[in-house]
Amino acid sequence: ALKKFEDLAPRLRADRAAATLLAYAGTGRKDQTIGLLRKAYAEHSSLVTNLKVDPLYDQLREDPRFQDLLQRVGLAK
């Protein structure tokens, strides 16, 4: 199912990065999710503004890479 989504994503009208991030996070693909979040941060994307509160990222909260990203964004505790 994820492969099919990845194949269709370029044709979606929605923001591809946001849609892909949702797919990866929603299917528990932590490495890919963090990779996309790091890219979003590097590109100054608004996708990182809700990292601290969005339940989509609950599975990543204990990951040191996610904590580092929160720190960089300025959302750390």
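Residues numbered from 1 in each chain as written. Predicted model: local features only at pLDDT ≥ 70, side-chain atom pairs only at ≥ 80, totals over all residues. Heavy atoms only, no water.

Draft legend 1. The arrangement of the packing of helix 3 (residues 30-42) against helix 4 (residues 64-73) in detail. For the pair helix 3 and helix 4, interaxial distance at closest approach is 10 Å and the crossing angle is 15 degrees. As judged from the angle between their axes, helix 3 and helix 4 are roughly parallel. As helix 3 runs across helix 4, the sense of the crossing is left-handed. On helix 4, the residues that touch Lys30, Asp31, Ile34, Leu37, Arg38 and Tyr41 of helix 3 are Arg65, Phe66, Leu69, Arg72 and Val73. Here the contact of helix 3 with helix 4 is composed, by residue class, of six nonpolar, no polar and five charged. (Axes fitted to C-alpha atoms, helices over the stretch in contact; angles between N-to-C directions. Helix = DSSP H or I, 4+ residues; strand = E, 2+ residues; numbered from the N terminus. Parallel < 35°, antiparallel > 145°, perpendicular 65-115°, else oblique. Left-handed = near helix turned anticlockwise from the far one by under 90°. Contact = heavy atoms within 4.5 Å. Nonpolar A, V, L, I, M, F, W, Y, C, P; charged D, E, K, R; others polar.)

Draft legend 2. Summary view of the nonpolar core. Leu21, Ile34, Leu37, Ala40, Leu47, Val48, Leu51, Tyr57, Leu60, Phe66, Leu69 and Leu70 form the largest nonpolar core, which has twelve residues in total. At the level of secondary structure, the elements contributing two or more residues to this core comprise helix 3 and helix 4. For Leu47, the residues in contact, after removing those within four places along its chain, are Ala17, Ala18, Leu21, Ala40 and Tyr57. (Core = buried A, V, L, I, M, F, W, Y, C linked by side-chain atoms within 4.5 Å. Buried < 20%, exposed > 50% of the residue type's maximum accessible area, 1.4 Å probe, protein only.)

Draft legend 3. Helix 4, seen in detail. Of all the positions in helix 4, only Phe66, Leu69 and Leu70 are classed as buried. Taken down its axis, helix 4 places every buried residue within 100 degrees of arc, on the same side. Counted as exposed and oriented over 90 degrees from the buried face of helix 4: Pro64 and Gln71. In this structure, the buried residues of helix 4 make contact with helix 3. (Arc of directions from axis to C-beta.)

Draft legend 4. Expanded view of the packing of aromatic side chains. Applying the stated criterion across every chain yields a total of one aromatic pair. Ring plane angle 35 degrees and centroid distance 6.1 Å describe the contact between Tyr57 and Phe66, whose orientation is recorded as tilted. For the pair shown, Tyr57 and Phe66 are each scored as buried. (Phe/Tyr/Trp six-rings, centres within 6.5 Å; stacked < 30°, edge-to-face > 60°.)

Draft legend 5. Structural detail: helix 2 (residues 16-26). The set of residues buried in helix 2 consists of Ala19, Thr20, Leu21, Ala23, Tyr24 and Ala25. Directly after helix 2, the chain includes Gly28, whose backbone phi takes a positive value near 75 degrees.

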